[in-house]
Amino acid sequence: MTSVDEAHANYRSKRPLSAAADVEARSVMPGGNTRSVLHFDPFPFRVASADGPHLIDIDGHTYVDLLGNYTAGLLGHCPAPVRMAVSATLETGFAMGATHTVEIDAARLIVDRFPSIEHVRFTNSGTEANLMAIALAMHHTGRSKIVVFEEGYHGGVLSFAHGSSPMNVPHDFLVLPFNDFDSVAAAFDKFGAQIACVLVEPMQGSGGCIPAADGFLAELRSLCDNADALLIFDEVMTSRLSPGGAQQLFGVMPDLTTLGKYLAGGLTFGAFGGKRDILAAFDPAAGGALTQAGTFNNNILSMSGVVATLGEVLTDELIASVNERGDRLRESLNEIFAATDRPLSVRGVGSLMAVHGPDETMELFFHAVLDHGWYLARRGFIALSIEITDAMVNDFLATVRNWA
Ligand SMILES: Cc1ncc(COP(=O)(O)O)c(C=O)c1O
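Just so we're clear, the structure is a prediction, and the values are computed from it rather than from any experiment.

Caption draft 1: Region of the structure containing the sheet that holds strand β16 (residues 381-383). Spatial ordering of the open sheet is given by β13-β14-β16, a layout of 3 strands whose pairing is antiparallel. Strands at the two margins of the open sheet, each flanked by one partner only, are β13 (345-349) and β16. Put simply, the sheet's adjacent strands are angled 20 degrees from each other on average, direction ignored. Of the pairings in the sheet, the one linking strand β14 (residues 352-356) to β16 comprises 3 bridges and is antiparallel in character. Within β16, the residue paired with A354 across the bridge is F381.

See the structure below:
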């Protein structure tokens, strides 16, 4: 059986140009990168071009991209309708500093799509959307305690992977175990009158694609109602699990929802929205006291990307098919792992899933499939794009079967 050292030596020997680029990158960027999650050992390959389902690195290797930019790449790398919308915008001007009509079209598509969103505002990232939603909840309730969950991830400054992170913003967080009904009920008993909001992923994404347990979201809904606290769903990843997001799939409506990732077709994007009376805090005509700054909030390239993505590409049928394909992949991988000695298993919902296992086995799995041209996250995360076909899924399963 291959060792980790052998897997790394094999990887390194096939990628002299990426190795040299890594040395160069480290001379100007700490760790050689500017998005920490993209690093893996011994060094990441550098992409030269990307099209449809494929990435091609500077050493000439082609990969089928099963990672889909951590869910932002749902449409693939260069979707034609988004490219055309952006090209048209490039011709008519894109650095405006004024309002335009494309942001209205984008907002309309989002309000029409997600059942709990009556009014929406845009940001540049999912992190920013969550920061804004928290601030709005604190303003709305006049309280400061924020309930979040262990292993939850809401952005680089809102990360609860190991309880907390030195990078986190200094809010008054109450970090509770996910899917633990008793501890949430106890926290509301003790602190109910101080809780501004509960911020929860309907399925924890970075935390390993762990869905909320049956009844857990409904329990949060009723605890928040009883305590006059707001329920915020972070749907930055999960909004792709059904046409109306996880809130529609699980049948529980939050007060506020945050969005991001794929909704601008791969361009920079974030949004927060929800009940009209809560969002009225941003409406001066309604006496609202809050402002939301942000030079690029309504940047017309991203707004055009949203209109193309939701207006032209993502039909209900397409959303259903990519999620069905993901269910089949997850179930088949679990069958393969169950039939071997490899201590691996897969969790997730629809097109989003994560392989779980001991660190060394995960490292070997990652390099084994990468060596056969399959790219997924080192931590085992997979987010299928609409460019991944049934035939590709079958070929990937064959690769895993041979390795396992
Ligand atoms: C659930 C969730 N919320 C928020 C974020 C942060 O989004 P962004 O990276 O756009 O800031 C992420 C990113 O992975 C996420 O998975």
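After that view of the structure, there is still more to cover.
Caption draft 2: Quick peek at helix α11 (residues 316-338). Helix length check: α11 (23 residues) gives 33 Å between terminal C-alpha atoms against 33 Å at 1.5 Å per residue, within 8%. The set of residues buried in α11 consists of I319, V322, G326, L329, R330, L333 and F337. Those residues of α11 hidden inside the fold are in contact with β13, β14 and α13 (390-403).

Caption draft 3: Broad picture of the site of the ligand. Neighbouring the ligand are 16 residues; S125, G126, T127, G155 and V236 lie closest to it. Ranked by residue count, the leading element in the shell around the ligand is helix α5 (residues 126-141), at 3 residues. When its residues are assigned to classes, the shell around the ligand shows 4 nonpolar, 10 polar and 2 charged.

Caption draft 4: Seen up close, the packing of helix α4 (residues 102-113) against helix α10 (residues 300-313). Running from N to C, α4 and α10 cross one another at 40 degrees; their axes reach a closest spacing of 8 Å. The pairing of α4 with α10 is recorded here as oblique in orientation. Every pair of crossing elements has a handedness; the one defined by α4 and α10 is left-handed. Between α4, through V102, E103, D105, A106, L109 and R113, and α10, the contact on the second element is made entirely by I300, M303, S304, V306, V307, L310 and G311.

Caption draft 5: Quick peek at unusual backbone geometry. The peptide bond linking D41 to P42 adopts the cis configuration, its omega dihedral lying at 0 degrees. Topologically, P42 is positioned in the loop between α2 (16-28) and β1 (47-51). Despite not being glycine, Y70 shows a phi value in the positive range, around 50 degrees. Within the secondary structure layout, Y70 lies in the loop between β3 (62-65) and α3 (80-92). With a phi angle near 60 degrees, K261 is a residue other than glycine that sits in the positive phi range. By the secondary structure assignment, K261 is in the loop between β11 (256-260) and β12 (270-274). In this structure K261 comes out as buried when scored by C-beta crowding, with 25 C-beta atoms within 10 Å.

Caption draft 6: Representation of the nonpolar core. Counting residues in each nonpolar core, the largest one holds 106 residues, and the members touching the most others are L66, C197, V198 and I232. In terms of residue count, the dominant contributor to this core is α5 (7 residues). Residues lining this core come from more than one domain, with at least three contributed by each of domain 1 (4-74 + 316-403) and domain 2 (80-313). Contacts of L66, omitting those with residues within four sequence positions, involve W374, Y375, L376, I382, L384, I388 and F396.

Caption draft 7: Representation of α10 within the structure. If you check α10, its first and last C-alpha atoms are 18 Å apart, about what 14 residues at 1.5 Å a residue would give, namely 20 Å. Among the 14 residues in α10, 10 count as buried, and that is most of the element. When we look at burial in α10, the residues that qualify are I300, S302, M303, S304, G305, V306, V307, A308, T309 and L310. Elements in contact with the buried residues of α10: α3 and α4.

Caption draft 8: Structural detail: the domain arrangement of the protein. When cut into domains, the protein gives domain 1 (4-74 + 316-403) and domain 2 (80-313). In this assembly, 17 residues from domain 1 lie in contact with 14 residues from domain 2. Going through the elements one at a time, α11, β13 and β14 are the ones with two or more residues in the side of domain 1 that touches domain 2. Looking at which element gives the most residues to the side of domain 1 that touches domain 2, the answer is β14, with 4 residues. Here the side of domain 1 that touches domain 2 is built from residues that sort into 7 nonpolar, 8 polar and 2 charged.

The rules behind the values
- Residues numbered from 1 in each chain as written.
- Predicted model: local features only at pLDDT ≥ 70, side-chain atom pairs only at ≥ 80, totals over all residues.
- Pairing = 2+ DSSP bridges.
- Helix = DSSP H or I, 4+ residues; strand = E, 2+ residues; numbered from the N terminus.
- Axes fitted to C-alpha atoms, helices over the stretch in contact; angles between N-to-C directions.
- Expected span 1.5 Å × (residues − 1).
- Buried ≥ 20, exposed ≤ 12 C-beta atoms within 10 Å, placed from the backbone.
- Contact = placed C-beta atoms within 7 Å.
- Near = placed C-beta within 6 Å.
- Nonpolar A, V, L, I, M, F, W, Y, C, P; charged D, E, K, R; others polar.
- Parallel < 35°, antiparallel > 145°, perpendicular 65-115°, else oblique.
- Left-handed = near helix turned anticlockwise from the far one by under 90°.
- Core = buried A, V, L, I, M, F, W, Y, C linked by C-beta atoms within 7 Å.
- Domains from an automatic or database assignment.

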